[in-house]
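Structure assessment
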There are 2 protein chains.
Amino acid sequence: MNETVTDTEKTVDPAALAARLAGEMPADIAEALNEEIPQVAAAILQNLPLDTAVAVLDTPGLHDAGEIVEAIPRDRVVPMLSGMSADRAADVFLELDEPVRSELMARLDSETKASVRQLLTYPEESVGSLMTTEFVSVPATWTVAQTLQHVRMVERSRETVYAIYVLDPRSKVLLKAVPLRRLITADPNDSVLAAAPARRPVTISPHASREEATRLISKYDLLAVPVVDGTGQLVGIVTVDDVIDAIVERQTEEVQRFGGMEAIDVPYMDIGFAEMIRKRAGWLCALFISEMLTTSAMQGFQGELEKAIVLTLFIPLIMSSGGNSGSQATSLLIRALALRELQLIDWWRVALRELPTGIMLGSILGVIGIARITLWQIFGLYDYGPHWLLLSATVAAALVGIVTFGSMVGSMLPFVLRAIGFDPAAASAPFVATLVDVTGLVIYFGVAALILRGTLL
Amino acid sequence: MNETVTDTEKTVDPAALAARLAGEMPADIAEALNEEIPQVAAAILQNLPLDTAVAVLDTPGLHDAGEIVEAIPRDRVVPMLSGMSADRAADVFLELDEPVRSELMARLDSETKASVRQLLTYPEESVGSLMTTEFVSVPATWTVAQTLQHVRMVERSRETVYAIYVLDPRSKVLLKAVPLRRLITADPNDSVLAAAPARRPVTISPHASREEATRLISKYDLLAVPVVDGTGQLVGIVTVDDVIDAIVERQTEEVQRFGGMEAIDVPYMDIGFAEMIRKRAGWLCALFISEMLTTSAMQGFQGELEKAIVLTLFIPLIMSSGGNSGSQATSLLIRALALRELQLIDWWRVALRELPTGIMLGSILGVIGIARITLWQIFGLYDYGPHWLLLSATVAAALVGIVTFGSMVGSMLPFVLRAIGFDPAAASAPFVATLVDVTGLVIYFGVAALILRGTLL
């Protein structure tokens, strides 16, 4: 391993630090710059060789790239932006404020400007915003030798040269994708089409989701997937390293949202206090207000509560079991939907599986619940009163009902969210628990009314 | 897009189906075979051209590869196994039962046998079990032209040729990693070392974790990371597509475990009923038994409960808020630790952030709680008795205490798990909620005892 540990000195000499960092990998330099304030990072970047500075700015791991770019004098930063890959440059432009944004855009060379402008038109979560326009394409009339010569010429300015796209010379429609490994083993005098695989290339629309790009690259083991518009013309490529960054980002979002908060895309220690509160308070308040229904429900059962305080002892136990089984089911279904193992229309097949699963799991907990009450009663640890057997039957029956209900709600919620156009991953564990809690109380007191009528109630 | 939808016919003619599938992408053929029972899949594979059958078996998306291999006659399956990439062949051997496993192993050619044997020695979650031995390496004495000629020769049998590894001719120690794109633009008469980047290559140990391989490939945008043993010799490579599969698998595991169950690595509809119960019942029972402490706690507060039944109305509301804030904090910290944004020693910095965050969030909920009780009381929706102001103060103070406690427990649990050698991702939302619930009750009744002593209590 080959990583750099850079201590943050009290006084930073940008030139000295730049000299020390110059030999490191761009990702390691970016990590070192993340330890500095944007102004210092900007000073260090200016002291690095231009191609190193460009490579560092090209690293998605670099924080506050917008602020760093703003802190570099215009005439120094323009060559850096022009040298960057178009997709990353577009990301940086998104972080810039006006008037700096327009000012810098105006000074870019026309080719870069056109690419960045085009990339900025796509919505944030689309393939269009993830792709780069720096790919290698050749007309179908070329030979293998011509193509290889072209690859050598443009190698420096392309994000990948390992997939070469063959276009119809007139319509510019994408015909084939040739891996470089096939090209270097082919006869140089052959047509480039002869070196191409027989199959039509896997392609994606610029309006498709990032998840779809991930799925195609992962399924077909691609290094890049070509992005084609409605007319079949090649407009960009999504490379495997962009996809990896997107998956890791998505994974963090998914876990945070499942934990019941808005996703945060900056490292934990970099989140400001106000933002931390904002991202967490929203869901926490929404859940709190929904959960108030439990108070209303219990107010409704006040008569039962006064007659049989012993019932209250099991409320947290029973309610949490419903939430837990719901949380399990939700986590299973969020992933099954994300991985496309299941479609929306499969909801009833899932419901038919969750029903017996919930009954079985609830029964297991019910038996444990009966054992707990019986043991405490027999060994004199607590006196649940003369009707303790009926009480334990109430707890067990309520557990079967609530765990089954929890499994059903937890498994159906991701389908409901997808059906109404939301991301199934918005179904968080606390959300499911809150949904289940009120009904759980109603089930518990309903079962109690049935079993204990005439004795405790 | 270019995907196949294959309807499962009632009667399957393997030869006809094979003819229809032969032109598809291997990943699509694998998907079609997943719809069939292993015996039918085996029959179809035998009807495909050998290199297509090999490519399908090489697809990680193929289910039950072990059973399929067992269903193919020995003399037909041996060439397929020999043609597969060594890492995937090793995965398939892991799925085979004895005596088939030893029988097939004995019939492999000696090179494949040695590779598979070596790969099988590494533990399941290690880089060694993820890597392949099929890489391109050349001695440092070779020229660019010699190296390119070698790449052309071995292209078919190597998992990737886009990174070429330059070894010390005597010690076989890894010196450099040369990207193919650099090689094809270099002077053919130069030494291969001259085409290599100045930096030492990023490497990994076969005993490192899969997460570490993912992190390196993602950070440095690599197509493959070389695996070197203690002596610096190259023993394999981990390619980016293996890493993507590992990340996606890990993501599913992380969400499922956060949902409070054991991870399941097969698609939802393929899980047997018994396995589904087993994977879910374990944690559900453990959480249920722990949550029984809430019953014990409430038994301890029976005196208070009898005097002030009104207190019970807020128990579900207050307890769930503690669990929710804990779940948020846990989800944040699981990802921060997984992405290495934080180390174990940073626990106190996190605690110092979560303390004010929890107090702030608890205060927000406390204000909403007071508003709720006040509104209901003033508008006559419910009568909380003459001491309703003190009651609302109790609820608010308890919320501050419980939400703060929840945030602290939720954020510290991942650190504790890592410190005692567990995966921080084992800290599930239900686990945190259960930990917080008992203490939440104690805090609530403790605050009530302080504020309501002499009035309600």
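Being a predicted model, the structure only gives us computed values, none of them experimental.

Rules of the game
- Residues numbered from 1 in each chain as written.
- Chains lettered and ligands numbered in written order.
- Predicted model: local features only at pLDDT ≥ 70, side-chain atom pairs only at ≥ 80, totals over all residues.
- Pairing = 2+ DSSP bridges.
- Helix = DSSP H or I, 4+ residues; strand = E, 2+ residues; numbered from the N terminus.
- Axes fitted to C-alpha atoms, helices over the stretch in contact; angles between N-to-C directions.
- Contact = placed C-beta atoms within 7 Å.
- Buried ≥ 20, exposed ≤ 12 C-beta atoms within 10 Å, placed from the backbone.
- Least-squares fit on C-alpha atoms with pLDDT ≥ 70 in both.
- Left-handed = near helix turned anticlockwise from the far one by under 90°.
- Nonpolar A, V, L, I, M, F, W, Y, C, P; charged D, E, K, R; others polar.
- Core = buried A, V, L, I, M, F, W, Y, C linked by C-beta atoms within 7 Å.
- Domains from an automatic or database assignment.

**Some words on the sheet that holds strand S1 (residues 136-139) of chain A**
All names here are of chain A. Spatial strand order, S1-S2-S3: 3 strands in an open sheet with mixed pairing. What marks the edges here is a single partner per strand, and that holds for S1 and strand S3 (174-179). Looking at each pair of strands side by side, their axes are set apart by 30° on average, direction ignored. Bridge count between S1 and strand S2 (residues 163-167): 4 bridges; the pairing is parallel. For Pro139, the partnering residue across the bridge sits in S2 and is Leu167. Packed onto the sheet, helix H11 (residues 144-154) meets S1 and S2 and runs at close to 150° relative to S1.

**Some details on the pairing of strand S4 (residues 224-228) of chain A**
All names here are of chain A. Taking burial as the measure, the 5 residues of S4 include 5 buried ones, the bulk of the element. Of the two faces of S4, the one carrying Ala224, Pro226 and Val228 and the one carrying Val225 and Val227 are both buried. In this sheet, strand S5 (residues 234-239) lies alongside S4 in antiparallel orientation, the contact comprising 5 bridges. Paired with Pro226 across the strands is Ile237, a residue of S5. Hairpin connection, S4 to S5: the antiparallel pair is bridged by 5 residues, and Gly232 has positive phi, about 90°.

**Focus on the relation of the copies chain B and chain A**
Rotating chain B by 180° and moving it 0.1 Å along the rotation axis overlays it on chain A with an RMSD of 0.2 Å. Those values place the two copies in the arrangement expected of a two-fold rotation axis. Comparing contact sets, 98% of the residues at the interface of chain B also lie at the interface in chain A, consistent with an isologous, same-surface contact.

**Structural notes on the packing of helix H18 (residues 315-338) of chain A against helix H19 (residues 347-378) of chain A**
Residues and elements named next belong to chain A. For the pair H18 and H19, interaxial distance at closest approach is 12 Å and the crossing angle is 145°. Between H18 and H19 lies a crossing whose hand is right-handed. Contact with H18, carried on its side by Ser321, Ser325, Ala329 and Leu333, involves Val350, Glu354, Gly358, Leu361 and Leu365 of H19 and no other residues of that element. The class makeup of the residues in the contact of H18 with H19 is 5 nonpolar, 3 polar and 1 charged.

**As for the nonpolar core**
Counting 132 residues, the largest nonpolar core has Ile318(A) and Ile318(B) as the members making the most contacts within it. In contact with Ile318(A), not counting residues within four places along its chain, are Val395(A), Ala398(A), Leu399(A), Ile402(A), Gly440(A) and Tyr444(A).

**Description of the interface of chain B and chain A**
Often, the extent of an interface is quoted as the loss of accessible area on bringing the components together. In this assembly, 101 residues from chain B lie in contact with 99 residues from chain A. Looking at the side of chain B that touches chain A element by element, the count peaks at 17 residues for helix H18 (residues 315-338) of chain B. For the side of chain B that touches chain A, a count of residues per class yields 57 nonpolar, 26 polar and 18 charged.

**What to know about the domain arrangement of chain A**
Taken domain by domain, chain A consists of domain 1 (14-121), domain 2 (136-246) and domain 3 (273-452). Between the C-alpha centres of domain 1 of chain A and domain 3 of chain A the distance comes to 51 Å.

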